[in-house]
Amino acid sequence: MSCSSIKHRFEEERQKGLTFERAMEMYREVEGSLAAHRLELEDLQRTNADPGRISHLQAHISDGEKLLKEMKQLHLH
């Protein structure tokens, strides 16, 4: 699943009431997505792929990293 779809789902569940367990599941999904994006980025850079594709993937990585940071700042009440 892409980072953007996880972020959308995270925001929806956060508004409805997010459990710690669910937040951890989503956190691991984002980590996995980021790992896959980074591997793909390495391949694209190694093969001198289209700079637009590389830039697009870098934006996805940046978005995923921001989401992880946001998730790390969650507080339990």
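Anyway, here's the lowdown on the structure attached to this text. (Residues numbered from 1 in each chain as written. Predicted model: local features only at pLDDT ≥ 70, side-chain atom pairs only at ≥ 80, totals over all residues. Heavy atoms only, no water.)

1. A word on the packing of helix α1 (residues 3-16) against helix α2 (residues 20-46)
- In the contact formed by α1 and α2, the axes pass within 10 Å of each other and the chain directions differ by 165°. The angle between α1 and α2 places the two elements in the roughly antiparallel class. The handedness of the crossing between α1 and α2 comes out as left-handed. Across the interface between the two elements, Cys-3, Ile-6, Arg-9, Phe-10 and Glu-13 of α1 pack against Arg-22, Met-26, Glu-29, Val-30, Ser-33, Leu-34 and His-37 of α2.
- Its residues assigned to classes, the contact of α1 with α2 comprises 6 nonpolar, 2 polar and 4 charged. (Axes fitted to C-alpha atoms, helices over the stretch in contact; angles between N-to-C directions. Helix = DSSP H or I, 4+ residues; strand = E, 2+ residues; numbered from the N terminus. Parallel < 35°, antiparallel > 145°, perpendicular 65-115°, else oblique. Left-handed = near helix turned anticlockwise from the far one by under 90°. Contact = heavy atoms within 4.5 Å. Nonpolar A, V, L, I, M, F, W, Y, C, P; charged D, E, K, R; others polar.)

2. Section: the pattern of salt bridges
- Following the criterion strictly, the structure yields 10 salt bridges and no others.
- Of the charged contacts, one joins Glu-65 and Arg-38 as a salt bridge, the two residues approaching to 2.7 Å between their closest N and O atoms. One end of the pair, Glu-65, is in helix α3 (residues 51-72); the other, Arg-38, is in helix α2, with 27 residues separating them in the sequence.
- Classification of Arg-38 as partly exposed rests on a relative accessible area of 37%.
- Taken together, the shared-partner salt bridges connect Arg-9, Glu-13, Arg-22, Glu-25 and Glu-29 into one network. (Salt bridge = Lys/Arg side-chain N within 4 Å of Asp/Glu carboxyl O. Buried < 20%, exposed > 50% of the residue type's maximum accessible area, 1.4 Å probe, protein only.)

3. Things to note about the environment of Asp-50
- As for its placement among the helices and strands, Asp-50 is situated in the loop between α2 and α3.
- For Asp-50 and Asp-63, which are 13 residues apart along the polypeptide, the C-alpha to C-alpha distance reads 20 Å.

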